[in-house]
Amino acid sequence: VQLQASGGGLVQAGGSLRLSCAASGMIFSVNDMAWFRQTPGKDRELVATITSRRRTNYADFVKGRFTISRDNTKNTVSLQMNSLKTEDTAVYYCNAKVMVRFPDEYEFWGQGTLVTVSS
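The present account deals with the structure reproduced in this document. (Residues numbered from 1 in each chain as written. Predicted model: local features only at pLDDT ≥ 70, side-chain atom pairs only at ≥ 80, totals over all residues. Heavy atoms only, no water.)

### Thoughts on the pairing of strand β7 (residues 66–71)
For clarity, the cut-off: Burial here depends on accessible area, computed with a 1.4 Å probe over protein chains only, as a share of the maximum for the residue type. Under 20% is buried, over 50% is exposed, and the range in between is partly exposed. Helical segments are the DSSP runs of H or I of at least four residues, strand segments are the runs of E of at least two, and each set is numbered from the N terminus. In this analysis, strands are considered paired if DSSP registers two or more bridges between them.
Here β7 shows a buried face lined by F66, I68 and R70 and an unburied face lined by T67, S69 and D71. Judged from the six bridges that link them, β7 and strand β8 (residues 76–81) form a sheet pairing that is antiparallel. Residue pairing in the sheet places R70 in a bridge with V77 of β8.

### Notes on the state of the cysteines
The condition is simple: Cysteine sulfurs are considered disulfide-paired once they come within 2.5 Å of each other.
Counted under the stated rule, the structure contains one disulfide. With its sulfur 2.1 Å from that of its partner, C21 forms a disulfide with C94. With the S-S bond torsion at 50°, the cross-link from C21 to C94 turns out right-handed. Pair noted here: C21 is in strand β3 (residues 17–24) and C94 is in strand β9 (residues 90–101), with a separation of 73 residues, a long-range link.

### Some remarks on the side chain of N95
Keep this limit in mind: Side-chain atoms alone can form a polar contact between residues adjacent in sequence; in general such a contact is a pair of N or O atoms within 3.5 Å, and within protein one must be able to donate a hydrogen while the other accepts it. Contacts are assigned to residue pairs that have any heavy atoms within 4.5 Å of one another.
Relative to the helices and strands, N95 resides in strand β9. Classification of N95 by relative accessible area gives buried; the value is 2%. One polar contact links N95 to E107, side chain to side chain, over a distance of 2.8 Å. With residues up to four places along the chain from it excluded, the contact list for N95 reads L3, D32, M33, A34, F36, E107, F108 and W109.

### Regarding the nonpolar core
For the record, the criterion: Among the buried residues, those of types Ala, Val, Leu, Ile, Met, Phe, Trp, Tyr and Cys that are joined through side-chain atoms within 4.5 Å form a nonpolar core.
Ranked by internal contacts, the top residues of the largest apolar core, which has 31 residues, are W35, L79, M81 and Y92. Residue assignment for this core shows that the elements contributing at least two residues are β1 (2–6), β3, β4 (29–38), β5 (45–50), β7, β8, β9 and β11 (113–118). Here the element with the most residues in this core is β9; it accounts for six residues. Not counting the four nearest positions on each side in its chain, M81 is found in contact with G15, S16, L17, L19, R65, F66, Y92 and V115.

Structure follows, in structure tokens:
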């Protein structure tokens, strides 16, 4: 299974970006999906999660600004990021718990996509 993330880039503070991530390969079902982020010298931190039934959860620092969504028919997850702040600058990673065959579930990570927010 591979997770391919895209959509990072440079944006000014107050602007918007949309990240996308597609899962491909040997997939029976995709369960929880999530976005994490990491800055140099810091631990990777959870940004948002979404269950297969589209129940969402957000870190306090993105509530009201970011929206996570998914397309179960395409095994994709997206992160719409609005009102971006300079402190949102980080490498963003998608994450998915994938059942490759019933009932074996494994966790996979995308390669990371850099988001840079300038002041």
